[in-house]
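Next come the chains, spelled out residue by residue.
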Amino acid sequence: MRCTLLCLLALYLPAVGAQDVPPTPAPQSTDQEATDQEATGQEATGSESTGQLVALNQTVLALLQRQADSQGGLERLAKLRTVDFRLDLAKHVDGEFVAEPPMHVTLERGAPPLRARIQDQLEGRALVKLAEAETLRLFVDGAPTTLPDLLNGARAELRILRETVEMLVGLGLGNMGVRDEGQRKRDGKVFHCLSVRLNEFGTGRALLAFLDPATGLVHRVDTFDPTTGLRVQTARYGGYPEGVGPKLPGEVTFFDREDKPLSRWRFEAVRFDPELSATHFDAP
């Protein structure tokens, strides 16, 4: 599995639906650049660490509503069934981005997730990954394979991609804690900040997500080590398409704690609910 996909899950914040609780006051706004310790893994503890949503104030609920509105509204997102895209990956080596073979991904959502197809490459050979519910099948140059390493890597990859797309289109997943952190300044701009605790893979990752106040879309996520509380990675992304409707960012770039670029990936040829052939999810 591509190592650049392992950090995929730590990039996006799912939209959170309004809770039937009274609003709580928002923290005071600040334009001061936070230190690493300001948003440590300790910030999403307590009730958040259980993965349960906490009371969100009206400011955050309005922000998340704007996120849904910018993507066509909750009704449109609820009806969305299939997302198809090409994922272009690149690693940063010796001062430049070096491209890796692209992947063609089709995800069909549901509860549980329904089907998925990933067209990849393995040492120059065609690698097709097919999933239906919890069943996973792999084919190398059209021949089925059951190699444990390939299966385990593909299983983790599919889970990350499914969960990430759910988050990106604002459909939400649960299994997380959220807290309002008010306004903060990053990269020369003022964003509304939410601290998030993700519990997938047993890591208890602590994140700070910076949302555009106008659209509710995420433009930066800082990831923190839950033990030391130090920032370990930053993801910056943009290139969201104009207009109203479901959208994925055009480009995401990962940086280490010293702000040195690590990797980049791009969503290309994105289609929502595309026309697919009747055999699209069949074995090659």
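Quick caveat, the model's predicted, so the values are computed rather than measured.

Rules used throughout
- Residues numbered from 1 in each chain as written.
- Predicted model: local features only at pLDDT ≥ 70, side-chain atom pairs only at ≥ 80, totals over all residues.
- Heavy atoms only, no water.
- Buried < 20%, exposed > 50% of the residue type's maximum accessible area, 1.4 Å probe, protein only.
- Helix = DSSP H or I, 4+ residues; strand = E, 2+ residues; numbered from the N terminus.
- Pairing = 2+ DSSP bridges.
- Core = buried A, V, L, I, M, F, W, Y, C linked by side-chain atoms within 4.5 Å.
- Polar contact = N/O pair within 3.5 Å; in protein donor to acceptor, adjacent residues only side chain to side chain.
- Contact = heavy atoms within 4.5 Å.
- Salt bridge = Lys/Arg side-chain N within 4 Å of Asp/Glu carboxyl O.

Engineer: What should I look at first to understand the pairing of strand S3 (residues 103-108) in this one?
Structural biologist: If a strand is regular, its side chains alternate between the two faces of the sheet. Burial runs high along S3: five of the six residues are buried. Where strand S1 (residues 82-93) lies against S3, six bridges are found, and the strand directions are antiparallel. Its bridge partner being in S3, Thr82 is matched across the sheet by Glu108. Inspection of the sheet shows S3 paired to strand S4 (residues 115-122) by four bridges, in the antiparallel sense.

Engineer: What is the right way to read the nonpolar core from this model?
Structural biologist: For soluble globular proteins, the rule of thumb is that nonpolar side chains tend to be buried together. In this structure, Phe85, Leu87, Val105, Leu136, Leu138 and Trp265 are the most contacted members of the largest nonpolar core, which totals 43 residues. It is helix H3 (residues 148-168) that provides the largest number of residues to this core, a total of six residues.

Engineer: Teacher, can you tell me more about the side chain of Glu157 here?
Structural biologist: Tracing the backbone through its elements, the reader meets Glu157 in helix H3. Within polar-contact distance, the side chain of Glu157 engages the side chain of Lys129 at 2.6 Å.

Engineer: Please explain the environment of Arg264 as it appears in this structure.
Structural biologist: By the element assignment, Arg264 lies in strand S14 (residues 261-272). The class for Arg264 is buried, based on a relative accessible area of 16%. Through-space distance from the C-alpha of Arg264 to that of Ala90 is 5.2 Å; in sequence the pair is 174 residues apart. Other than its neighbours up to four places away in sequence, Arg264 contacts Asp88, Leu89, Ala90, Phe97, Glu251, Val252, Thr253 and Phe254.

Engineer: Mind showing me how you'd approach the pattern of salt bridges here?
Structural biologist: A side chain with one charge can pair with a side chain of the opposite charge if their charged atoms come near. Taken as a whole and assessed by the stated rule, the structure comprises 15 salt bridges. Salt-bridge contacts for Asp187 lead to Arg220; the nearest nitrogen and oxygen are separated by 2.9 Å. One end of the pair, Asp187, is in the loop between strand S8 (176-186) and strand S9 (189-198); the other, Arg220, is in strand S11 (residues 218-224), and 33 residues separate them in sequence. Exposure remark for Asp187: the relative accessible area of 38% places this residue in the partly exposed category. Classification of Arg220 by relative accessible area gives buried; the value is 7%. Note that Arg220 and Asp222 form a salt bridge whose closest N and O atoms lie 2.9 Å from each other. Like Arg220, the residue Asp222 is buried in the burial classification. Three or more residues are tied together by salt bridges with common partners; here these are Asp187, Arg220, Asp222, Arg236 and Asp259.

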